[in-house]
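# Residue-level structural notes
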Amino acid sequence: MSTTTAEGAKKSGGGLAGLQRFGRSLMLPIATLPAAGILLRFGQDDLLGKDGLGWDKVAAVIGSAGNALFDFLPLLFAIGIAVGFARKGDGSTAVAGAVGWVVFNRVIQAIAPVSSQVGYKPAWDSSPLHWPYSVLTGIVSGIVAALLWQRYHRIKLPAWLAFFGGRRFVPIITAFAMIILGVLFGLVFKYVDAGIQNLGKAIVDQPVVGGGIYGFFNRLLIPVGLHQLLNVPMWFIFNGGDLTNFFHHVQGSGTFMTGFFPIFMFALPAAALAIWQTARPAQKKIVGGVMIAAALTSFVTGVTEPIEFSFMFVAWPLYIFHAIMTGVSLALVNALDIHLGFSFSAGGIDFLLNSSLDTAHKAWLLIPIGLVFGVIYYFVFRIVITKWNLRTPGREDDSIEADLDRTAAK
């Protein structure tokens, strides 16, 4: 029995569970983006000004700090994924990820110097730092470092090499592995890079359809934790990265971000209100406290999971509706040529900070659009929950609770 369980766990670790672990590991480097976005935003002349706080270097210093995080985003992904993807990883995993990324990039550039390539460079990039494959190198380096750490972090070497055994061996073997991968990636760089650029251009050239499909699957994959697998290429790789382009003043960016604002700031809080209003009278006070807090969190910060997880499993038809409406929102704002971006999520903080950027366009329209979505969500959720008697918070089956009480009494 234990052997079967172990084999099943091993197989699941290489399948859906492995993808879920990879998706979660992406959150660590992505968590640095709020700092990068805020610093870069406050480094613009329209906020602090060229002589902000009485010193003509204040904006430049703050802006450079934020820009540095964007410049080295591939390295942050390498370190973050190495730590997050490895089971029980530690500091040596992070070092291995960093070592792997540095070696990987240098080897690629030795074979395919970026100065001779066409199409590798994002439109906003005037920096001397150019990374072939962009964030993709960080993802590959992080995964390889994590897998090698799991395989070799307890390795025993001969006595005369014992100092380099165990965790110290992981950065060494990672460096050698990345030399091999660097050669392979360097040889195919111009072909893969052209494919990435063409795919990104094809998606961006069809923003209504592409945005709608992306929005639908972005929400649909949240229950299994795989939505970040879509976010990373859209926000950081294709066509220079939608999120990165927005903060580097590329006009027309925000294709894969703008439509989330009406959903996160208005629609989901309205859904939380409907869940509260449809709770049983005895549960309304408790459910109201939870749902109001979740609604404020979604509106202000764009963190939506507290609301979404309250109904995605117990009222899955409403979650399908939510995924469809998110796709509709992204398609609609792209059709209306509305553009706005975020560094963390589509909440009020990012709306206030970023709506005055030159890359934002007609961002004020997101408020009336969001209000309309909010009304739709409220009535759809309220009607469906009551008509189908869905077990959203505060509507749990009383008979089950009574059975549990009787069992406890015995």
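The rules we used
- Residues numbered from 1 in each chain as written.
- Predicted model: local features only at pLDDT ≥ 70, side-chain atom pairs only at ≥ 80, totals over all residues.
- Heavy atoms only, no water.
- Helix = DSSP H or I, 4+ residues; strand = E, 2+ residues; numbered from the N terminus.
- Buried < 20%, exposed > 50% of the residue type's maximum accessible area, 1.4 Å probe, protein only.
- Contact = heavy atoms within 4.5 Å.
- Areas by Shrake-Rupley, 256 points an atom, 1.4 Å probe, with all protein chains shown as cover.
- Core = buried A, V, L, I, M, F, W, Y, C linked by side-chain atoms within 4.5 Å.
- Domains from an automatic or database assignment.
- Phe/Tyr/Trp six-rings, centres within 6.5 Å; stacked < 30°, edge-to-face > 60°.
- Expected span 1.5 Å × (residues − 1).
- Axes fitted to C-alpha atoms, helices over the stretch in contact; angles between N-to-C directions.
- Parallel < 35°, antiparallel > 145°, perpendicular 65-115°, else oblique.
- Nonpolar A, V, L, I, M, F, W, Y, C, P; charged D, E, K, R; others polar.
- Left-handed = near helix turned anticlockwise from the far one by under 90°.
- pLDDT = per-residue confidence, 0-100.

Another aspect to go through is the overall build of the protein. Along its length, the protein carries 20 helices and 0 strands. Here the protein, with 410 residues, has 49% of them falling under the buried criterion. Considering only residue pairs separated by 6 or more positions, the protein has 76% of its internal contacts joining residues 24 or more positions apart. Carbon together with sulfur atoms contributes 69% to the accessible area of the protein, which is approximately 19,400 Å² in total.

A few words now on the side chain of Thr-392. Tracing the chain through its elements places Thr-392 in the loop between helix 19 (366-387) and helix 20 (398-409). On the accessibility criterion, Thr-392 (0% relative accessible area) is buried. Residues in contact with Thr-392, not counting those within four places in the same chain, are Ile-275, Thr-278, Phe-311, Val-314, Ala-315 and Ile-385.

This brings us to the nonpolar core. Counting residues in each nonpolar core, the largest one holds 90 residues, and the members touching the most others are Phe-77, Val-232, Trp-235, Phe-236, Phe-311, Tyr-377 and Phe-381. Here the element with the most residues in this core is helix 14 (residues 260-277); it accounts for 13 residues. Counting residues domain by domain, this core receives three or more from each of domain 1 (15-204) and domain 2 (207-405). Non-local contacts of Phe-77, meaning those with residues more than four positions away in its chain, are made with Leu-26, Pro-29, Ile-30, Ala-82, Val-135, Gly-138, Ile-139, Val-232 and Phe-236.

Turning to the packing of aromatic side chains, a few remarks are in order. Summed over all chains, the structure comprises 22 aromatic pairs. Taking 5.6 Å as the distance between ring centres and 65 degrees as the angle between the ring planes, the aromatic pair formed by Phe-77 and Phe-236 counts as edge-to-face. One end of the pair, Phe-77, is in helix 6 (residues 73-85); the other, Phe-236, is in helix 12 (residues 228-237), with 159 residues separating them in the sequence. For the pair Phe-77 and Phe-236, a shared accessibility class is recorded, and that class is buried. Ring geometry for Phe-321 versus Phe-381: centroids 6.3 Å apart, planes at 65 degrees, classification edge-to-face.

Here we take up helix 6. When the terminal C-alpha atoms of helix 6 are compared, their 17 Å separation across 13 residues agrees well with the 18 Å that a helix rising 1.5 Å per residue should span. The set of residues buried in helix 6 consists of Leu-73, Pro-74, Leu-75, Phe-77, Ala-78, Gly-80, Ile-81, Ala-82 and Phe-85.

This next bit is on the packing of helix 14 against helix 17 (residues 316-335). Look at helix 14 against helix 17: their axes get within 8 Å of each other, and the N-to-C directions meet at 135 degrees. With respect to helix 17, the element helix 14 is oriented oblique. Across from Phe-260, Pro-262, Ile-263 and Leu-268 in helix 14, the residues of helix 17 making contact are His-322, Met-325, Thr-326, Ser-329 and Leu-330. In terms of residue class, the contact of helix 14 with helix 17 is made up of 6 nonpolar, 3 polar and no charged.

Right, let's talk about the packing of helix 8 (residues 135-152) against helix 9 (residues 169-187) for a bit. Helix packing geometry: the angle between the two helix axes and the distance between the axes. At a minimum axis distance of 9 Å, the contact between helix 8 and helix 9 shows a crossing angle of 140 degrees. The angle between the axes of helix 8 and helix 9 places the two elements in the oblique class. The way helix 8 lies across helix 9 gives a crossing that is right-handed. Each of Val-140, Ser-141, Val-144, Ala-145, Leu-148, Trp-149 and Tyr-152 in helix 8 lies in contact with helix 9, whose residues at this interface are Phe-169, Val-170, Ile-173, Thr-174, Ala-177, Met-178, Leu-181 and Phe-185. Taken together, the residues of the contact of helix 8 with helix 9 sort by class into 13 nonpolar, 2 polar and no charged.

On average, the protein scores 82 in pLDDT, and the residues at 70 or more come to 85%. Segment residues 115-128: pLDDT under 50, and 23 contacts once partners within four positions in sequence are set aside and those in other chains are kept.

Of note in this structure, Asp-337 is not a glycine but carries a positive phi near 60 degrees. Structurally, the position occupied by Asp-337 is in the loop between helix 17 and helix 18 (348-354). A positive phi angle, close to 55 degrees, is found at Asn-389, a residue other than glycine. Note on placement: Asn-389 falls in the loop between helix 19 and helix 20.

Another aspect to go through is the environment of Met-312. Structurally, Met-312 is set in the loop between helix 16 (305-308) and helix 17. In the structure, Met-312 is positioned 90 residues away from Ile-222 in sequence and 9.3 Å away in space, judged by C-alpha atoms. Look past the residues within four positions of Met-312 in its chain and what remains in contact with it is Ile-222, Pro-223 and Tyr-319.

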